[in-house]
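# Tertiary structure, described
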Amino acid sequence: MLVAGFPAGAWGTNCYLVAPAAGEECVIIDPGHQATEGVEEAVAKHRLKPVAVVLTHGHIDHVASVVPVCGAHDVPAWIHPEDRYMMSDPEKALGRSIGQPLMGELTVGEPDDVEELTDGTTLHLAGLELTVTHAPGHTKGSVTFRMPEQADVPPVFFSGDLLFAGSVGRTDLPGGDHEEILQSLARVCLPLEDETVVLSGHGPQTTIGRERATNPFMRQVAAGPGGGITGAAPRRGM
């Protein structure tokens, strides 16, 4: 399996291109602010053919390049229905007034073809299996994508802004909810195998085992009701 990832734009949002191998079809995950050039470089370098864009949530730092990327390759974008409005109304998602400057001139709106993600379904795209799990807390429509273990490749978990190395997504923007993100951590992340590779929306790669042992938020939900957070790292994401 090939995973080509790079941090894009002012927010350093991780964009991933995932394919069975070089020279194959691929899925693009979270083409955010200023991700278009990086996407095209990865497509050319690995001789890939994009077939879809899939989105972990609707914040502008994850969707800002959806329109140009989908348009260039004539592919659909997949997003959870509760976050779909954010593609064309990013200020509302950030609690800002319409018309306030947002990182200069950004092309916002929906691509020509939008498909909606459903909790528990498995997408069969580009020869890959991506299991969709609704994981609200950072936004109402946040989802994760999980890929099963293959040959010598451990399971891979695209966590979006639910889980980071050492932290979790912020919950102070419209649609965010602290208790809800803890519930999502407990329901979605805790049951995963320790060797599962976590590729998040921001920051470095990690594993579920490492986060289970060291992430204060994961330790809190593992401890159950009454478990406290000690030494919590700052939250990331927009």
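Residues numbered from 1 in each chain as written. Predicted model: local features only at pLDDT ≥ 70, side-chain atom pairs only at ≥ 80, totals over all residues. Heavy atoms only, no water.

In this section: the overall build of the protein chain. The helix and strand tally for the protein chain stands at seven helices and 14 strands. Every one of the 238 residues in the protein chain was classed for burial, and the buried ones make up 53%. Of the contacts made within the protein chain by residues no fewer than 6 positions apart, 62% connect residues no fewer than 24 positions apart. (Helix = DSSP H or I, 4+ residues; strand = E, 2+ residues; numbered from the N terminus. Buried < 20%, exposed > 50% of the residue type's maximum accessible area, 1.4 Å probe, protein only. Contact = heavy atoms within 4.5 Å.)

In the structure shown here, the tally under the stated rule is zero disulfides. In this structure Cys-15 is not part of a disulfide, and its nearest cysteine sulfur, from Cys-26, lies 9.5 Å away. (Disulfide = S-S within 2.5 Å.)

In this section: helix H7 (residues 216-223). Residues of H7 that are buried: Pro-216, Phe-217, Met-218, Gln-220 and Val-221. Between a side-chain oxygen at the N-terminus of H7 and the backbone nitrogen of Phe-217 the separation is 2.9 Å; the capping residue is Asn-215. Downstream of H7 by one or two residues, Gly-224 has phi in the positive range, about 85°. (Polar contact = N/O pair within 3.5 Å; in protein donor to acceptor, adjacent residues only side chain to side chain.)

Moving on, we get to the sheet that holds strand S13 (residues 197-200). On the basis of which strands lie adjacent, the open sheet formed by six strands has the order S7-S8-S9-S10-S13-S14 and mixed pairing. For this open sheet the edge positions go to strand S7 (122-125) and strand S14 (206-207), each flanked by a neighbour on one side alone. Here four bridges tie strand S10 (residues 156-160) to S13, and the two strands are oriented parallel to one another. Counterpart to Phe-158 in the pairing with S13 is Leu-199. Sitting on the sheet, helix H5 (residues 178-189) touches strand S8 (128-134), strand S9 (143-147) and S10, and the angle it makes with S8 is about 145°. (Pairing = 2+ DSSP bridges. Axes fitted to C-alpha atoms, helices over the stretch in contact; angles between N-to-C directions.)

If you walk through the whole model with that rule in mind, you get five salt bridges. Arg-84 is the partner of Glu-110 in a salt bridge, and the nearest nitrogen-oxygen pair spans 2.7 Å. Linking Glu-110 in the loop between helix H4 (90-93) and strand S6 (114-116) with Arg-84 in the loop between strand S5 (77-79) and H4, this pair joins segments that are 26 residues apart in sequence. When its relative accessible area of 34% is taken as the criterion, Glu-110 is described as partly exposed. Looking at Arg-84, the relative accessible area reads 23%, which means it is partly exposed. For Glu-180, the salt bridge is made with Lys-140, and the minimal N-O distance between the two is 3.2 Å. Here Glu-180 is found in helix H5, whereas its partner Lys-140 is found in the loop between S8 and S9, with 40 residues between them in sequence. Judged by its relative accessible area of 34%, Lys-140 falls in the partly exposed class. Salt bridges sharing partners connect three or more residues here, namely Arg-84, Glu-110 and Glu-116. (Salt bridge = Lys/Arg side-chain N within 4 Å of Asp/Glu carboxyl O.)

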